[in-house]
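Structural features, examined
Read off the chains here:
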Amino acid sequence: MVEFLQQLLNGLSLGAIYALIALGYTMVYGVLRFINFAHSDVFMVGAFIGYYLGRLVPEGTLWGGLVVLAGAMAGCALLGMTIERLAYRPLRGAPTLNVLITAIGVSLLLEYSGQVFFGAAPRNFPAIFPVRTFTVGNLILGSNQLIVIVVSVVLMVVLHYIVHRTRIGTAMRAVSLNPRAAVLMGVNNDVVIAFTFGLGSALAAAGGILYALNYPSVDPLMGLMPGLKAFVAAILGGIGNIPGAALGGLLLGTTETFVNGSQWSTYKDAIGFAVLIIVLLFRPAGLLGRFTVEKV
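Predicted model, so just to flag it, every value in this text is computed and none were measured.

Regarding the pairing of strand β3 (residues 139–142)
In the sheet, strand β2 (residues 133–136) pairs with β3 via 4 bridges, with the strands oriented antiparallel. Each bridged residue has a counterpart across the sheet, and for T135 the counterpart in β3 is I140. The hairpin formed by β2 and β3 contains 2 residues between the paired strands, and G137 there has a positive phi angle of roughly 65 degrees.

Put into structure tokens, the structure is as follows:
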């Protein structure tokens with residue numbers, strides 16, 4: 001029982017990180033109907049911003065960790081809005097294939113620019129939060145795991161509030177449903193889309209910081225596998241559905257952790273994709289997604 005709870009905690013911690021990244025994918029898709037494949041590399045940039053900021057604040061302090069987290073989120077929000085303005089906005093209305101190729105190009109640009117500016121060698125991520133170990137009965141709890149879960153839950157609650165309780169959130173939902181009607185109602189689509197990219201990129205940065213806490217090594221290609229799994233999580237929950245992205249991330253992270261602790265650990269990545277295939281066979285729109293007919 002203790003081993004089960006330990007693995008469940010590890011799975012929730014990993015799944016929360018996947019969920020934060022997946023939320024960025026699903027928000028952009030919900031508004032623009034395309035996948036921002038550069039999102040996983042924004043996750044990497046967020047981790048590196050945290051690496052450099054972490055060297056400027058005292059290690060192992062709560063306020064220092066929060067400053068690093070906030071700085072990385074702000075930096076990546078600016079990066080996300082810059083990418084949208086320079087790479088995606090000129091292609092708005094262009095064929096989907098053009099946008100897809102551009103997204104892959106931006107992803108490669110960030111990866112190779114990261115190798116130029118940060119270096120290709122992995123670097124040890126500093127301990128920006130206090131590191132403690134708590135024992136509850138026979139269950140061992142690490143402070144980093146608890147921080148990941150708490151921060152992820154807080155950010156998801158804040159995101160839910162922004163989307164459903166603010167004017168910009170109402171505008172985001174309006175643009176998602178019908179961009180032309182939103183313009184007729186006075187919504188500035190450019191501002192809404194830029195805000196969506198910024199918000200999604202900030203969540204990716206938070207995911208990068210939290211991932212580096214549990215796996216304290218950063219490199220310019222670190223976003224490839226977590227980004228791919230977060231994309232799978234977004235599809236699993238229902239692409240374009242915010243609660244679905246969170247659910248898909250938690251489900252995928254928990255499944256991966258339990259498989260990793262079994263005799264099938266070698267196949268943990270394959271089993272995660274197998275879960276996606278099985279779910280889509282019965283729920284093509286994802287767990288919480290809704291099937292819609294698109295006019296062409």
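Examining the nonpolar core
Y88, F125, L210 and V218 are the most contacted members of the largest nonpolar core, which has 78 residues in total. Top element by residues in this core is helix α8 (residues 189–214). It accounts for 14 residues. Excluding its chain neighbours within four sequence positions, the residues that come into contact with Y88 are F34, N36, A38, I83, V99, T102, A103, V106 and F197.

Quick look at the packing of helix α1 (residues 2–32) against helix α10 (residues 242–260)
Between α1 and α10, the shortest axis-to-axis distance is 6 Å and the interhelical angle comes to 145 degrees. The handedness of the crossing between α1 and α10 comes out as right-handed. Each residue belonging to the contact of α1 with α10 can be placed in one class, and the counts come to 16 nonpolar, 9 polar and 1 charged.

Side note on helix α2 (residues 39–54)
Note that an α-helix has 3.6 residues per turn; residues three or four places apart therefore point the same way. Helix length check: α2, at 16 residues, gives a terminal C-alpha distance of 22 Å against a target of 22 Å (1.5 Å per residue), a fit within 8%. Along α2, 13 of the 16 residues are buried, which leaves the element largely enclosed by surrounding structure.

Scoring rules and cut-offs
- Residues numbered from 1 in each chain as written.
- Predicted model: local features only at pLDDT ≥ 70, side-chain atom pairs only at ≥ 80, totals over all residues.
- Heavy atoms only, no water.
- Pairing = 2+ DSSP bridges.
- Helix = DSSP H or I, 4+ residues; strand = E, 2+ residues; numbered from the N terminus.
- Core = buried A, V, L, I, M, F, W, Y, C linked by side-chain atoms within 4.5 Å.
- Buried < 20%, exposed > 50% of the residue type's maximum accessible area, 1.4 Å probe, protein only.
- Contact = heavy atoms within 4.5 Å.
- Axes fitted to C-alpha atoms, helices over the stretch in contact; angles between N-to-C directions.
- Left-handed = near helix turned anticlockwise from the far one by under 90°.
- Nonpolar A, V, L, I, M, F, W, Y, C, P; charged D, E, K, R; others polar.
- Expected span 1.5 Å × (residues − 1).

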